[in-house]
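Architecture at a glance
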Amino acid sequence: MRLKVTHRTEYNYDQPVRYGLQRLRLWPASGPAQTMLTWTLRIEGAREEVRFLDQFGNDTRLLSVDGDPHTISILAEGEVETNDVSGVSGLHRGFAPLWLFQHETPLTAPGPAIRDLVAGVGEGDEVGRLHSLMALIAERIVYEPGTTDTRTTAEQALVKGAGVCQDHAHVFAAGARLLGFPARYVSGYLMMNDRVEQVATHAWAEANVAGLGWVGFDAANCISPDERYVRVAVGRDYREAMPISGILIGRAEEQLAVHITVEQ
Amino acid sequence: MVAFDEMLPAEAGLRKPYEAYDGWLKNQDPARLTEKMRDAERVFRKTGITFAVYGERDASERLIPFDIVPRIIAGNEWRRLTQGIEQRVQALNAFLDDIYHRQEILRAGRVPRELIATNEAFLPEMIGVKPPAGVYTHIIGVDIVRISENEFYVLEDNARTPSGVSYMLENRETMLQLFPELFQRIKVQPVENYPQLLRQSLSAVRPSNVSGVPTIAVLTPGSFNSAYFEHAFLADQMGVQLVEGQDLRVVDGHVAMRTTEGYKQIDVLYRRVDDAFLDPLTFRPDSALGVPGIMDVYRAGNITIANAPGTGIADDKAIYSYMPEIIEFYTGRKPILGNIPTWRCSEPDSLKYVQEHLAELVVKEVHGSGGYGMLVGPAATKKEREEFSKKLAARPSNYIAQPTLSLSTCPILTAKGLAPRHVDLRPFVLVSDRIQIVPGGLTRVALKEGSLVVNSSQGGGTKDTWVLDD
């Protein structure tokens, strides 16, 4: 499936920004699940300082504010050819060892609620158990934007019983690790069937199954990713895969507007 | 147990490296030597070498006591030591390269994976980074102890930010001022060129895309840091800028420092700021000591950071106990310099042994330094041992234990004349496209009679260290 994506992020400030940095992970790579056809980044109010591959192989760019802007806008857009690989996105590659993905991070540290949840995963083959974990999470956390934020931990979201895709992905990663699987967080886009305008970027999780490689689980929608998914970056949690992170020197108040379209 | 005295060992008589010095000393008026001792203190006060002691009620700055009797090492002894140090330093860099790439040593099962995986000094952000010349740890201070004529052991590999080199330089400077005639009689290998060597060494590991003379700077956490004097001293001696995080930002793809003529690109940063504080965009977001985005510039290959972030994984005290395996794995040879036998308290059998033998052992925190949080069994009271035993039981993996070694002694000048005191040695190693070791290093001496703790924060002093040009 050929998907066209536009992702515009606009930061508006009430006073000129003296100095600030933005780190972007907004450049999708080609792989078994997708081929990147065209992709561009258009940036206003900031400029690219360096680009590099991070420890997980994500194309990463560092921007610094340019001049004394009131607005920084970042437009990522392009076309990606996706394949339905039944959620299997390939064998592990790169220097980051698989064991690294077995370790918790501050956002994915399991507490009693996650341990309890994982205890409910029945016996079965590896993929079956992971599906069972996904179903449990989908059942326990309702999709409800505004109940959590980017600092909410997996344990907190599960206790709350509500959250967004980031929370589902965190709980899945935490649970899969407790089950003994290396697990990672994937950020990207999802084309919802009934609309072009998407509410937000999407996120899901992957677990590494011996012999199969990385297998995706989108607990927010309770399915394995198919050809409607575009993957952009991976990490052990949101913090390591986040599309844009930054640091601002000064006292300017920030207002954020995000506009995303994904269409065929 | 009688300690080996490096000047006058029991039975054997005066050792050869000390013959010329002893000949001179015999003709000195004791009153004049005492006077020189006071002169030395004045010199230090004037140059401003002080250090802050953590945890003392009066946290004001203090002078590290200096003893005017040099510690003397023969040229051939030194050559043997340097071979061992070079081997070790090669292994440390090979280990770091491996740990941040293919991790062959873990696959081979020679070092347990958990030791790396659960270690805060291991930085995932360094995975896949190949620094210029393949050097991760550029400046190393290897702590060595001697227990007999031919037995030397490595106590610690300080591979992240070793300090103390300014004392080595000031000690020599002071001795040259106090006893110029001695240096005419006895040929001592020079250490004074260390700042030039450091500068050359840092230049040699500049990013490959920098042609011409690279710009070097020293990054300090600031004047409240206990080693601030050394940071300022080294920058001054090398003729480079001393900078703080707030002076730096990312400009045109590089880290640049604010100058009166605008921002100037830095190619090599000798940083004395710990990993966790180095980049608030990558590590601790609350750090005001670092440079936001420096890790991005680093991964893009536009700056050399010395020592590289994440080198702490090589000098961790739990890793230390695997150094013999690490050396053999990467160099294919047995270690020339031995390790002190070490019990890892994370292992139940070792923990049991350590708990049962606390009175004989030295127990250290795995991540500790500076002599803080350690127990010297034989010197501790029963109550101290009992309290420590509880801490040990609560967090065994936080501790390692070693036998109490009978460190060699060297004489110091006391009110009653010469008296032996225990010493160690920290030679300073520079790694670029080659390995250079300044002849000598910092000799630390436990000034209290019988004490084995040489750390300056625990009442230790220093001595000038002579390597004879023989």
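The residue numbering used here restarts from 1 in each chain and proceeds along that chain's sequence as written. Here the convention is simple: chains get letters from A, ligands get numbers from 1, in the order in which they are written. Totals for whole chains, interfaces and linings use every residue, but because this is a predicted model, local features are given only for residues with pLDDT of at least 70 and side-chain atom pairs only at 80 or more, for both listing and counting. Computation of side-chain values covers all heavy atoms of the structure but excludes hydrogens and water.

What follows covers the overall build of chain B. Assigned secondary structure in chain B consists of 16 helices and 21 strands. As defined in this context, the radius of gyration uses C-alpha atoms, and a globule is described by 2.2 Å times the residue total to the power 0.38. The C-alpha atoms of chain B give 22 Å as radius of gyration, which agrees with the globular expectation for 470 residues (23 Å, within 12%). Seen through its principal axes, chain B has C-alpha atoms that stretch 65 × 55 × 50 Å. Expressed as a percentage of contacts within chain B between residues at least 6 apart in sequence, the contacts between residues at least 24 apart total 68%. To measure how exposed things are, a 1.4 Å probe is used in the Shrake-Rupley method; for residues, cover is taken only from the protein chains shown. Looking at chain B as shown, the accessible area adds up to about 19600 Å², and 49% of this sits on carbon and sulfur atoms. Positive and negative charge centroids in chain B, built from 53 and 60 side chains respectively, lie 1 Å apart. A run of H or I in DSSP becomes a helix once it reaches four residues, and a run of E becomes a strand once it reaches two; helices and strands are each numbered from the N terminus. Contacts are assigned to residue pairs that have any heavy atoms within 4.5 Å of one another. His residues and chain termini do not enter the charge count, which takes Lys and Arg as positive and Asp and Glu as negative. Each charge is placed at NZ for Lys, CZ for Arg, CG for Asp and CD for Glu.

If you tally the helices and strands in chain A, you get five helices and 16 strands. On C-alpha atoms alone, chain A measures out to a radius of gyration of 18 Å, which is about the 18 Å that the 2.2 N^0.38 rule sets for 264 residues. With the C-alpha coordinates aligned to their principal axes, the bounding extent of chain A is approximately 60 × 40 × 40 Å. Under the scheme applied here, a residue whose accessible area is under 20% of the maximum for its type counts as buried, over 50% as exposed, and between as partly exposed, the area being computed with a 1.4 Å probe on protein chains only. Taking all 264 residues of chain A together, the buried fraction comes to 55%. Considering only intrachain contacts with a sequence separation of at least 6, the fraction spanning at least 24 residues in chain A is 74%. Within the structure as shown, chain A displays about 11200 Å² of accessible surface, and the carbon and sulfur contribution to it stands at 49%.

Before going further, it helps to spend a moment on the sheet that holds strand β1 (residues 2-13) of chain A. Residue and element names in this part refer to chain A. Spatial ordering of the open sheet is given by β3-β6-β1-β16-β11, a layout of five strands whose pairing is antiparallel. Every interior strand has two partners, whereas the edge strands, β3 (34-44) and β11 (197-198), have only one. Inspection of the sheet shows β3 paired to strand β6 (residues 71-82) by ten bridges, in the antiparallel sense. Opposite Thr35, over in β6, you have Glu81 as the bridge partner. Any two strands with at least two DSSP bridges between them are considered paired.

For the rest of this paragraph, the subject is the domain arrangement of chain A. All names here are of chain A. Each assigned domain of chain A is listed with its residue range as follows: domain 1 (2-81 + 244-263) and domain 2 (84-241). If you average the C-alpha positions of domain 1 and of domain 2, the two centres end up 24 Å apart. Residue-level contacts link 21 residues of domain 1 with 28 residues of domain 2. What gets called buried area is simply the loss in accessible area from a 1.4 Å probe that two parts show on being joined, summed for both. Summed over both partners, the interface of domain 1 with domain 2 buries about 2000 Å², with 64% contributed by carbon and sulfur atoms. The three residues of domain 1 that bury the most area against domain 2 are Phe56, Ile260 and Val262, which together make up 32% of that side's buried surface. Source of the domain bounds: an automatic or database domain assignment.

Residue and element names in this part refer to chain B. In terms of residue burial, strand β17 (residues 417-426) counts as a mostly covered element, since seven of its ten residues are buried. Here six bridges tie strand β16 (residues 409-414) to β17, and the two strands are oriented antiparallel to one another. Bridge pairing in β17 places Ile412 opposite Ala419. The turn linking β16 back onto β17 is made up of two residues. Strand direction decides the pairing type here: β17 and strand β20 (residues 442-446), joined by four bridges, are antiparallel. Residue Arg426 lies in a different strand from β20, and its bridge partner there is Leu442.

Here we take up the nonpolar core. Definition used in this section: a nonpolar core is a set of buried Ala, Val, Leu, Ile, Met, Phe, Trp, Tyr and Cys residues joined via side-chain atoms within 4.5 Å. B:Ile99, B:Tyr100, B:Ile116, B:Phe122, B:Met126, B:Ile303 and B:Ile326 are the most contacted members of the largest nonpolar core, which has 67 residues in total. Sort the elements by how many residues they give to this core and helix α3 (residues 75-99) of chain B lands first, with five residues. Here this core spans two domains, since at least three of its residues come from each of domain 1 (2-81 + 244-263) and domain 2 (84-241) of chain A. Excluding anything up to four places from it in sequence, B:Ile303 contacts B:Pro207, B:Val255, B:Ile266, B:Asp267, B:Leu269, B:Ile294, B:Val297 and B:Tyr298. Of all hydrophobic cores here, the second largest spans 36 residues; its members include A:Leu133, A:Cys165, A:Ala174 and A:Ala233.

Between chain B and chain A, the residue contacts involve 32 residues of the former and 24 residues of the latter. Interface of chain B and chain A: buried area, both sides summed, is about 2300 Å²; carbon and sulfur atoms make up 62% of it. In the sections that follow, a salt bridge refers to a side-chain nitrogen of Lys or Arg positioned within 4 Å of a carboxyl oxygen of Asp or Glu. For B:Asp252, the salt bridge identified is with A:Arg47, shortest N-O distance 3.4 Å. Whenever a nitrogen or oxygen atom comes within 3.5 Å of another N or O atom, the pair is scored as a polar contact, on the condition that within protein one atom can donate a hydrogen and the other can accept it, and that pairs from neighbouring residues in sequence are kept only if both atoms are in side chains. Summed over the shared surface of chain B and chain A, the number is ten residue pairs in polar contact (both at pLDDT 80 or more). At the level of secondary structure, the elements contributing two or more residues to the side of chain B that touches chain A comprise α5 (113-117), β6 (248-251) and α11 (294-299) of chain B. By residue number, the principal contributor to the side of chain B that touches chain A is α5(B), which donates four residues. Gly counts as polar in this scheme, as do all residues outside two lists: the nonpolar Ala, Val, Leu, Ile, Met, Phe, Trp, Tyr, Cys and Pro, and the charged Asp, Glu, Lys and Arg. Considered class by class, the residues forming the side of chain B that touches chain A number 15 nonpolar, eight polar and nine charged.

Residue and element names in this part refer to chain B. One less than the number of residues in a helix, times 1.5 Å, gives the span that helix is expected to have. For helix α6 (residues 165-178), with 14 residues, the first-to-last C-alpha span of 20 Å sits near the 20 Å given by 1.5 Å per residue. Of all 14 residues making up α6, eleven are buried, and the element is well covered by its neighbours. Turning to α6, its buried residues are Val165, Ser166, Tyr167, Met168, Leu169, Glu170, Asn171, Arg172, Thr174, Met175 and Leu178.

Okay, the environment of B:Ala91 next. Residue and element names in this part refer to chain B. Mapped onto the secondary structure, Ala91 falls in helix α3. Considering only alpha carbons, one finds Ala91 and Glu230, 139 residues apart in sequence, at a separation of 28 Å. Not counting chain neighbours up to four residues away, the residues in contact with Ala91 comprise Ile326, Ile327, Tyr330 and Thr331.

This paragraph deals with the sheet that holds strand β5 (residues 241-243) of chain B. All names here are of chain B. If you trace the four strands from one edge of the open sheet to the other, you get β5-β4-β9-β10, paired in parallel fashion. The sheet terminates laterally at β5 and β10 (304-306), the two strands that pair on one side only. Direction aside, neighbouring strands of the sheet carry axes that sit 25 degrees apart on average. Sheet topology places strand β4 (residues 216-219) next to strand β9 (residues 268-271); four bridges connect them, and they run parallel. To get an axis, a line is fitted to the C-alpha atoms, and for a helix only the part in contact is used. The angle between two axes follows their N-to-C directions and goes from 0 to 180 degrees.

On to the pattern of salt bridges. Inspection of the entire model under this criterion finds 45 salt bridges over all chains. One salt bridge connects B:Glu149 with B:Arg15, and the closest N-O pair in it is separated by 3.1 Å. Linking B:Glu149 in the loop between β2 (139-146) and β3 (152-158) with B:Arg15 in the segment before α1 (19-26), this pair joins segments that are 134 residues apart in sequence. For B:Arg15, a relative accessible area of 6% gives the class buried. Several salt bridges converge on common partners, so that one network encompasses A:Glu48, A:Arg51, A:Asp59 and A:Arg61.

Turning our eyes to something else, we now look at the packing of aromatic side chains. Note on aromatic pairs: the rings of Phe, Tyr and Trp (six-membered ring only in Trp) are paired at centre separations within 6.5 Å, and the planes decide the class, stacked below 30 degrees, edge-to-face beyond 60, tilted for the rest. Counted according to the given criterion, the structure contains 17 aromatic pairs over all chains. On the basis of an interplanar angle of 20 degrees and a centroid distance of 4.9 Å, the ring pair of A:Phe172 and A:Phe217 is categorised as stacked. Of this pair, A:Phe172 sits in helix α4 (residues 165-178) while A:Phe217 sits in strand β13 (residues 213-217), placing them 45 residues apart in sequence. An identical accessibility class is assigned to A:Phe172 and A:Phe217; each is buried. Of the aromatic side chains, those joined through ring pairs into one cluster are B:Tyr21, B:Trp24, B:Phe179, B:Phe183 and B:Trp466. Counting as a charge over the ring demands two things of the Lys NZ or Arg CZ atom: a distance within 6 Å of the ring centre and an angle within 35 degrees of the ring normal. The residue whose ring lies beneath A:Arg61 is A:Trp27, and the NZ or CZ to ring-centre distance is 4.1 Å.

For the rest of this paragraph, the subject is the environment of B:Pro309. All names here are of chain B. Tracing the chain through its elements places Pro309 in the loop between β10 and α12 (312-315). With relative accessibility at 1%, the residue Pro309 sits in the buried group. In the structure, Pro309 is positioned 48 residues away from His357 in sequence and 37 Å away in space, judged by C-alpha atoms. Once you skip the residues sitting within four places of it in the chain, Pro309 turns out to touch Leu123, Met126, Arg271, Asp275, Leu278, Met295 and Tyr298.

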